[in-house]
Amino acid sequence: MSEPQHARAAACTRDADRLLPTDPQTRAIARDLYARVADAPIISPHGHVPASLLAKDEPFGDPAELFVVHDHYVTRLLHAAGLPLSDLGLGARAVEPREVWRRLAERWHLFAGTASGYWLDEELSTVLGIRTPLTPATADAVYDAVQARLLEPGMTPRSLFSAFRVAVLATTDDPLDDLADHRLLQGAGLRVLPTFRPDAYLDPDGRDFVERVERLLSATGSPQTFTGYLDALAARRAHFVANGAVSADHGVLEPVAADLDAAEAERLFGSVLAGTADARQRATFRAHMLLQMARMSVEDGLVMTVHAGVRRNHSTATLRSFGPDTGHDIPVPTSYTDGLRPLLERFGLDERLSLILFTVDETTFSRELAPLAGFYPSVRAGAPWWFLDAPHAMDRYRAAVTETAGFYRTSGFVDDTRAFLSIPVRHDTARRADAGYLARLVREGRLTLPGAERIADDLVDAIPRAAFRL
Amino acid sequence: MSEPQHARAAACTRDADRLLPTDPQTRAIARDLYARVADAPIISPHGHVPASLLAKDEPFGDPAELFVVHDHYVTRLLHAAGLPLSDLGLGARAVEPREVWRRLAERWHLFAGTASGYWLDEELSTVLGIRTPLTPATADAVYDAVQARLLEPGMTPRSLFSAFRVAVLATTDDPLDDLADHRLLQGAGLRVLPTFRPDAYLDPDGRDFVERVERLLSATGSPQTFTGYLDALAARRAHFVANGAVSADHGVLEPVAADLDAAEAERLFGSVLAGTADARQRATFRAHMLLQMARMSVEDGLVMTVHAGVRRNHSTATLRSFGPDTGHDIPVPTSYTDGLRPLLERFGLDERLSLILFTVDETTFSRELAPLAGFYPSVRAGAPWWFLDAPHAMDRYRAAVTETAGFYRTSGFVDDTRAFLSIPVRHDTARRADAGYLARLVREGRLTLPGAERIADDLVDAIPRAAFRL
Amino acid sequence: MSEPQHARAAACTRDADRLLPTDPQTRAIARDLYARVADAPIISPHGHVPASLLAKDEPFGDPAELFVVHDHYVTRLLHAAGLPLSDLGLGARAVEPREVWRRLAERWHLFAGTASGYWLDEELSTVLGIRTPLTPATADAVYDAVQARLLEPGMTPRSLFSAFRVAVLATTDDPLDDLADHRLLQGAGLRVLPTFRPDAYLDPDGRDFVERVERLLSATGSPQTFTGYLDALAARRAHFVANGAVSADHGVLEPVAADLDAAEAERLFGSVLAGTADARQRATFRAHMLLQMARMSVEDGLVMTVHAGVRRNHSTATLRSFGPDTGHDIPVPTSYTDGLRPLLERFGLDERLSLILFTVDETTFSRELAPLAGFYPSVRAGAPWWFLDAPHAMDRYRAAVTETAGFYRTSGFVDDTRAFLSIPVRHDTARRADAGYLARLVREGRLTLPGAERIADDLVDAIPRAAFRL
């Protein structure tokens, strides 16, 4: 098995033991555990890379476009430091890419210790093989080196897909997407799977909700009744299943489900479409649709993932000027125990359901997610996500979840990224963090070395395959 | 002082330094601190071992019965892995014990890293002296070895009570229990103390509440008035005190107390018995009864323990088929500051009250329990309980509580177990975790070694004795 | 640069590596990072030392007065151990100071592992150079040694201000304070800055609210209208700005802001003064005033600090007997995301605002404060405060905040103390904790040593200067 590009580059420029535990004896165990899985194929069952990127397979654009403009992890910290997003190439006004890059370089120390700083360092050094550290003085040189590297052969998305050893990559897609790109890629031998993400069609408070529902109904030729609406959603899910989808993803503020009878649901559907439903009724509708999605998952086998607890678009002025996903989605306190109970009462014991619960409220790991995943055969505790998919947060997740639910009721790592080049880096981060946690258990006499080895292997393969039915 | 059986077995098969800190220098300090208390007598002031087990003193049943069927920590993880509880010997259908054991062995890797896995490993190796690791291949051999061991002399409950060096064991009992078993055991020189647990008689939402209240009133010959009801409870508490009880335990969803005047309480009592009280009124009644229990504790000296924050019987279908305590009690977000204030306003400064607050919501440790225990002479921060009585969670507890409240405002370890054989194992776990935390403080120059030694000693003796007035 | 008194004393009696990480290699890195900043000048931009202490510059009183009676961190733990506050010199009854000191000494083990125990140890050993450990047997000797030391030359407040290398010290002051002491001190070359703390004039539920508002209006000659009230507040802020203030501090139970139109605010002002506003209306008024304070901060440039989430005076009986700030302020669950949104919608993107959010609910660090500070240029995540300004809690803060927001969106350390002698000790604690955290990042290959050095330097200088506009 030949050493992949990114692993070789890392050997030159990065500390080979990075992220591993500080204690030398624990580190030595972790090093061996990590080595087993460092080059294992990548299973990426949830993320936001557009299928079109791989379908078109064009060379990447300029370094600013690739690493700054579209990465809201990066732009938000520059914005927090006082730089208007418009100075970073967001919004209407054009900004010279090299200028954006310089602005990043001048403020690069702000990223010290952050997850995004780590990923970007890794992408430059281990993925692209750039050995010059980024500083204000080297900004132009690094820019040129990255630019040159991006134009080399082997640097197109599909080549990197192979070089990164991606076994499966799931995208996140609109229910009305025709999924032509996915078919094309699967035809070309790349396992790129769509994910059904229906939020905009389920939440009466979402932008253009009524219009979207109408488009959904007309796309499937369904009548404007609640049953027609459910049929339309089921039809689109079937289209996703037929094109390889293994999961449906649900982003909700509150993880709350409601079980309504048919007549009540029909009435509520009428009033949300008519715009006469009040806030409480709209919330009930949303909650009922979460339960309906679970029902459909039971029927069509799509794994149900729930990403809960984020107040989206906190800054209205920023939303208006620069659109959503611009760095101001902020978590809120979250609880699953009572809110999801109606759903679990209906389907929680059903072996056909696989429900993966993600959180950005760490308090739920030991309090709710591990206990739920430790009893319901349908529930798994999702890997750390968003603000938590960082080395120390990953360690806190394992510490909080494992003692109650073990390793086998977790989802396996999910990179959840829009940044294609960050995929190997993020999986590498998770593998190192997990190796460190396992090593600690070995050193504490709680796990044998062979036991830890099996778990390390399973965490990058059997566990995500089981969770996502791959 | 002769080495006890379980300590000798441990030397053969387990890492002597298990659970101690990873850094060698800190570990060396921890090892010495642990050695001081490793064989100290066990004070178990709160748990769920039935007194009848010791009163009857019969040999333990088969390995499945002993280690699987009645341990919902174990059955829930097997259930989560897809095994119906009925396949594990729960419910009506009989299952061959050896078959249950095999099912555990086949899925033993699921328990890696969990607290229940650790305890079971310890029970097999250090308590029973089984040296064969449990695997699918060794399932039958281990079963036979355990079975044989259980029939050896010295393996009856009372013999083990001595071998484990149990100084005090508190059980948890129904207020109407006659406590004959406790009297018998105390007569035989075993300090087995009952604990008054009146939840079912205080919560209008509990099963058979009205019937239970009627039984209580008739058992004590009290009139069906609120005063009669309070007198009946006080009479049963007196019966417990007379039989050695030192504490009364209260399991509540929300730790909320309410101070009502006599007339209002009388009216509310009437309406909850008549079934005309609405949800809010029933909650007020429950909250008032928590305050009344504090008042009675002030009067009769029973330590008041509160175990809050668990949504019991989350899965109704499971409850119906298999009863309560079958692994689906799930924690909810909890707060004590405002909810308990009426109780603390009344009795918090009263030196006659000892109130120990337990939580399954870790966020309350630094935010509420340590500050409350750091001011009110009546309040102590309870040791980690349930999902949190695991090595890393214990360490988080000490880290969260100590810097505000120190060691002497905590309760000392409470094993809270139904599994008799796990008692020495759980106390050993806590002793190792505390030794590790103390060693860290020594290594950080925050504690002298003699200071740490005194605390290590006190944590297994003076501290629980003070908290539980033993 | 000559070695300061307190550093020399420390070398004699304390572990030079105290608080540094346990792993030797990480500790070695931390030691070097700490050495860079150990003797750096102290920037103390928020605290509660009264300006009069430095203005009068009288020798400190007796040891009990200095270290026990007025330090509610100390008295509360003694109170929790069963000692009435009246036995400690609080309240009307006089208690012999030496007797108070003996009572502390007898219970000194209760403080093992606590932050207040650590500070007091440090104050005695490193600040005062007392080498005898405090025990019941040494109580009188230590008392005498402390007493003697306090009378030595160089032990007056202003001399210590120099010896401690305090570059800036902010006090916390009533809006109607004339600030004469601050002018006097600034005239004498001491940078002692007032802080505008208007809570009592903004919260209709506060004691004497109406009377205070009337005093405010009459002091500024403003009419009794909402506009007059706002003008009066602005005038007093201007007085503070003119006397060197850089910040306004706001202590609130819930961090909630409300945006009202002028007519509604005027009506509400009328009803809160008339005493006819209900609880909800009073809360709305409070919330609107928080927003008004942000508006004024935008206009006059005072940094806005918010200390949220504490239920003050939990024990009414204690409040009545001994007054506020006597150890029974208890935190509650806190959330900023939705509550502060109206304020951030109005001013969050305004570069004139610097808003520092402090919490005593650790759950908000990763969930809310880091994400808010990682986007809004106005927001900074405040350093650990109150129950959390302790070594392990500081480490948890860095671990929770840094991966999302880095180091440069935090406030820098704030000692928040009334205890003048504890200032160098608390800053030293923070410097050690931060050195330890940075060292961990270096050892994990996430930060270069020069990168960590720059951050260590900035944390004690550039970062608090930027946050507080010094």
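Residues numbered from 1 in each chain as written. Chains lettered and ligands numbered in written order. Predicted model: local features only at pLDDT ≥ 70, side-chain atom pairs only at ≥ 80, totals over all residues. Heavy atoms only, no water.

Let's talk about the overall build of chain A
This is how the line gets drawn: In this description a helix means any DSSP run of H or I spanning at least four residues, a strand means any run of E spanning at least two, and both kinds are numbered starting from the N terminus. Summary of the burial criterion: residues with accessible area below 20% of their type's maximum are buried, those above 50% are exposed, and those between are partly exposed, where the area comes from a 1.4 Å probe applied to protein chains only. Residue contacts are defined here by distance: any two heavy atoms, one from each residue, within 4.5 Å place the two residues in contact. Charge convention: Lys and Arg are scored as positive, Asp and Glu as negative, and His as well as the terminal groups of each chain are ignored. Charge placement uses NZ in Lys and CZ in Arg. For Asp and Glu, CG and CD serve respectively.
When helices and strands are tallied, chain A shows 22 helices and ten strands. Seen through its principal axes, chain A has C-alpha atoms that stretch 65 × 60 × 45 Å. Counting over 470 residues, chain A shows a buried share of 63%. Contacts spanning at least 24 positions in sequence make up 75% of the contacts within chain A whose residues lie at least 6 apart. For chain A, the centre of its 51 positive side-chain charges and the centre of its 63 negative side-chain charges are spaced 2 Å apart.

So, the sheet that holds strand β2 (residues 166–170) of chain C
Consider a sheet: its strands pair through backbone hydrogen bonds, and that pairing is either parallel or antiparallel. This is how it is decided: A strand pair is defined by DSSP finding two or more bridges across the two strands.
Within the open sheet, the three strands sit side by side as β1-β2-β3 (chain C). Their pairing is parallel. Of all strands in the sheet, those bounded by a partner on one side alone are β1 (42–44) and β3 (192–193) of chain C.

With respect to unusual backbone geometry
It is generally the case that most residues other than glycine have a negative phi and that most peptide bonds are trans. Of note in the backbone geometry, D208 of chain A takes a positive phi value of approximately 60° without being a glycine. Tracing the backbone shows D208 of chain A in the loop between α11 (199–202) and α12 (209–220). The phi dihedral of D57 of chain C falls on the positive side, at around 55°, and the residue is not glycine. By the secondary structure assignment, D57 of chain C is in the loop between α3 (51–56) and α4 (63–69).

Here we look at the domain arrangement of chain A
Residues and elements named next belong to chain A. Rules: Domain segmentation is taken from an automatic or database assignment of domains. By buried area we mean how much accessible surface two parts lose on assembly, using a 1.4 Å probe and totalling the loss over both. Salt bridge, as used here: a side-chain nitrogen of Lys or Arg that lies within 4 Å of a carboxyl oxygen of Asp or Glu. What qualifies as a polar contact is a pair of N or O atoms within 3.5 Å, subject to a donor-acceptor requirement within protein and to the restriction that residues adjacent in sequence count only when both atoms come from side chains. Under the scheme applied here, ten amino acids are nonpolar (Ala, Val, Leu, Ile, Met, Phe, Trp, Tyr, Cys and Pro), four are charged (Asp, Glu, Lys and Arg), and all others, including Gly, are polar.
What the domain assignment reports for chain A is domain 1 (59–151) and domain 2 (165–468). Averaged C-alpha coordinates put domain 1 and domain 2 at centres separated by 30 Å. Domain 1 puts 19 residues into the contact, and the matching count from domain 2 is 20 residues. Interface area, domain 1 with domain 2, both sides summed: about 1700 Å², of which 71% is carbon and sulfur. Contact with domain 2 buries surface across domain 1, with H72, Y73 and W119 losing the most and accounting together for 33% of the total. At the junction of domain 1 and domain 2, the tally comes to zero salt bridges. In this assembly, domain 1 and domain 2 are joined by zero residue pairs in polar contact (both at pLDDT 80 or more). Of all the elements in the fold, those that place two or more residues in the side of domain 1 that touches domain 2 are α4 (63–69), α5 (72–80) and α7 (115–127). Counting residues per element, the side of domain 1 that touches domain 2 draws most heavily on α7, which supplies seven residues. Residue composition of the side of domain 1 that touches domain 2, grouped by class: eleven nonpolar, five polar and three charged.

Notes on the relation of the copies chain A and chain C
Put simply, the rule is: Least-squares superposition of the copies uses the C-alpha atoms of those residues scoring a pLDDT of at least 70 in each of them.
Mapping chain A onto chain C calls for a rotation angle of 120° and an axial translation of 0.0 Å; the resulting RMSD is 0.0 Å. Here the symmetry operator amounts to a three-fold rotation axis. When each C-alpha of chain A is compared by its distance to the rotation axis, D23 of chain A comes out closest, at 3.3 Å. Each copy contacts the other with its own distinct surface, as only 4% of the interface residues of chain A are interface residues in chain C too.

A word on the interface of chain A and chain C
Often, the extent of an interface is quoted as the loss of accessible area upon association of its parts. Each partner contributes residues to the interface: chain A has 48 residues there, and chain C has 41 residues. Contact with chain C buries area across many residues of chain A, yet T22, H314 and H392 of chain A alone supply 19% of it, more than any other trio. One can count two salt bridges joining chain A with chain C. For R367 of chain C, the salt bridge is made with D361 of chain A, and the minimal N-O distance between the two is 3.3 Å. Counting every contact that joins chain A to chain C gives 26 residue pairs in polar contact (both at pLDDT 80 or more). Going through the elements one at a time, α2 (24–37), α5, α7, α16 (316–322), β8 (330–331) and α19 (391–405) of chain A are the ones with two or more residues in the side of chain A that touches chain C. Class assignment of the residues belonging to the side of chain A that touches chain C gives a composition of 21 nonpolar, 16 polar and eleven charged.

Comments concerning the relation of the copies chain C and chain B
Each copy of the sequence occupies a distinct position, and chain C is placed on chain B by a rotation of 120° and an axial shift of 0.0 Å, giving an RMSD of 0.0 Å. Different-surface contact between copies: only 4% of interface residues of chain C are shared with the interface of chain B.

As for the sheet that holds strand β5 (residues 247–252) of chain A
Residues and elements named next belong to chain A. Quick note on the threshold: Angles run from 0 to 180 degrees between N-to-C directions of axes, and those axes are lines fitted to C-alpha atoms, restricted for helices to the stretch in contact.
The strand order β4-β5-β6-β9-β10 describes an open sheet built from five strands, whose pairing is parallel. In the strand order of this sheet, the two ends are held by β4 (195–196) and β10 (379–381), each with one partner. This element, helix α15 (residues 279–300), spans β4, β5 and β6 (303–308) of the sheet and lies at about 155° to β6.

Concerning the packing of helix α19 (residues 391–405) of chain B against helix α19 (residues 391–405) of chain C
The relative placement of two packed helices comes down to the angle between their axes together with the axis-to-axis distance. Rules: Here the word oblique covers every angle except those under 35 degrees (roughly parallel), over 145 (roughly antiparallel) and from 65 to 115 (roughly perpendicular).
Relative to each other, α19 of chain B and α19 of chain C sit at 130°, their axes nearing to 8 Å. Put simply, α19 of chain B runs oblique to α19 of chain C. Along its contact with α19 of chain B, which presents A399, A400 and E403 of chain B, the element α19 of chain C presents P391, H392, A393 and R396 of chain C. Split by residue class, the contact of α19 of chain B with α19 of chain C holds four nonpolar, one polar and two charged.

Description of the side chain of S411 of chain C
Residues and elements named next belong to chain C. In this fold, S411 is placed in the loop between α19 and α20 (423–443). Here the side chain of S411 touches A383 through a polar contact of 2.9 Å, landing on its backbone nitrogen. With sequence-adjacent residues up to four places away left out, S411 is seen in contact with I356, F358, R380, A381, G382, A383, Y397, I463, P464, A467 and F468.

Thoughts on the interface of chain C and chain B
Every contact between the two is made by 48 residues of chain C and, on the other side, 41 residues of chain B. Both faces considered, chain C and chain B share a buried interface measuring about 3700 Å² in area, 54% of it formed by carbon and sulfur atoms. On the chain C side of the contact with chain B, T22, H314 and H392 of chain C bury the most area, a combined 19% of that side's loss. The residue D338 of chain B makes a salt bridge to R311 of chain C at a minimum N-O spacing of 2.8 Å.

Concerning the packing of aromatic side chains
The description of an aromatic ring pair rests on the distance of the ring centres and on the angle between the ring planes. Our working definition: Two aromatic rings, drawn from Phe, Tyr or Trp (for Trp, its six-membered ring), form a pair once their centres lie within 6.5 Å of each other, and the interplanar angle then sorts them: stacked below 30 degrees, edge-to-face above 60, tilted otherwise.
Counted by the stated rule, this structure contains 57 aromatic pairs over all chains. Measuring from ring centre to ring centre gives 5.4 Å for W386 of chain B and F387 of chain B, while their planes differ by 15°; the resulting arrangement is stacked. Side by side, W386 of chain B and F387 of chain B carry an identical accessibility label, which is buried. Geometrically, the ring pair formed by F209 of chain C and F285 of chain C is edge-to-face, given 6.3 Å between the ring centres and 70° between the ring planes. Of the two residues, F209 of chain C is situated in helix α12 (residues 209–220) and F285 of chain C in helix α15 (residues 279–300); the sequence distance between them amounts to 76 residues. For the pair shown, F209 of chain C and F285 of chain C are each scored as buried.

Topic: the side chain of T337 of chain A
Along the chain, T337 of chain A falls in the loop between β8 and α17 (341–347). From its side chain, T337 of chain A meets the backbone oxygen of P331 of chain B in a polar contact 2.7 Å long. Ignoring anything within four residues of it in the chain, the contact list for T337 of chain A reads E368 of chain A together with R311, H314, I330, P331 and V332 of chain B.

A word on α19 of chain A
Residue and element names in this part refer to chain A. How we decide: One less than the number of residues in a helix, times 1.5 Å, gives the span that helix is expected to have.
With 15 residues, α19 should cover 21 Å at 1.5 Å per step; its first-to-last C-alpha distance of 20 Å lies within 8% of that length. Taking burial as the measure, the 15 residues of α19 include 13 buried ones, the bulk of the element. Following α19 by one or two positions, G406 has its phi on the positive side, about 70°.

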